[in-house]
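Reading the structure
Here is how the chains run, residue by residue.
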Amino acid sequence: MVEAAIALAANYGYVNAAETTLKSIFYHTPHAQVYLANMDIPQEWFTNPKCQFKLEKK
């Protein structure tokens, strides 16, 4: 198993792009550790159930 640590930086204006990037990372590298540096993304975004990704490889 290859372990990866990935750091992203984004602000609220790019939250949709960050979410798409995170989905891709978790789909292709499910055991990756991801760090998201941000200044203005609300805490609720991280705890909101819609941000709980369900990813299944087909």
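This one's a predicted model, so the numbers in the text were calculated from it and none came from an experiment.

Description of the overall build of the protein chain
Per the secondary structure count, the protein chain includes 2 helices and 2 strands. The secondary structure elements of the protein chain, listed N-terminal to C-terminal, are β-α-β-α. Expressed as a percentage of its 58 residues, the buried residues of the protein chain come to 19%. For the protein chain, the share of sequence-separated contacts (at least 6 apart) that also reach a separation of at least 24 residues comes to 71%. Roughly 4700 Å² of accessible area belongs to the protein chain as shown, and the carbon and sulfur atoms make up 54% of that amount.

Here's the deal with helix α1 (residues 15-28)
With 14 residues, α1 should cover 20 Å at 1.5 Å per step; its first-to-last C-alpha distance of 20 Å lies within 8% of that length. Buried residues belonging to α1 abut β1 (5-9), β2 (33-37) and α2 (43-47).

What about the packing of aromatic side chains?
Inspection of every chain in the model, using the stated rule, returns 1 aromatic pair. With 5.1 Å between their ring centres and 90° between their planes, Trp45 and Phe46 make a pair best called edge-to-face. For Trp45, a relative accessible area of 11% translates into the label buried. Residue classification places Phe46 among the partly exposed residues on the basis of a relative accessible area of 32%.

Digging into the pattern of salt bridges
What the rule picks out here adds up to 1 salt bridge. Lys23 is the salt-bridge partner of Glu19, the closest N and O atoms lying 3.8 Å from each other. Note that Glu19 and Lys23 are positioned in helix α1 at a spacing of 4 residues, about one turn of the helix.

Section: the nonpolar core
The nonpolar side chains of a soluble globular protein tend to be buried with one another. Leu8, Val15, Leu22, Ile25, Ala32, Ile41 and Trp45 together form the largest nonpolar core, which totals 7 residues. Broken down by element, the residue count for this core peaks at 3 residues, all from α1.

With respect to the pairing of β2
Sheet analysis places β1 next to β2, joined by 5 bridges and oriented parallel. Bridging across to β2, Ala9 finds its partner in Ala37. Since β1 and β2 lie parallel, the crossover through α1 that links them has a hand, and here it is right-handed.

Cut-offs and rules
- Residues numbered from 1 in each chain as written.
- Predicted model: local features only at pLDDT ≥ 70, side-chain atom pairs only at ≥ 80, totals over all residues.
- Heavy atoms only, no water.
- Helix = DSSP H or I, 4+ residues; strand = E, 2+ residues; numbered from the N terminus.
- Buried < 20%, exposed > 50% of the residue type's maximum accessible area, 1.4 Å probe, protein only.
- Contact = heavy atoms within 4.5 Å.
- Areas by Shrake-Rupley, 256 points an atom, 1.4 Å probe, with all protein chains shown as cover.
- Expected span 1.5 Å × (residues − 1).
- Phe/Tyr/Trp six-rings, centres within 6.5 Å; stacked < 30°, edge-to-face > 60°.
- Salt bridge = Lys/Arg side-chain N within 4 Å of Asp/Glu carboxyl O.
- Core = buried A, V, L, I, M, F, W, Y, C linked by side-chain atoms within 4.5 Å.
- Pairing = 2+ DSSP bridges.
- Right-handed = clockwise from strand over helix to strand, strands pointing away.

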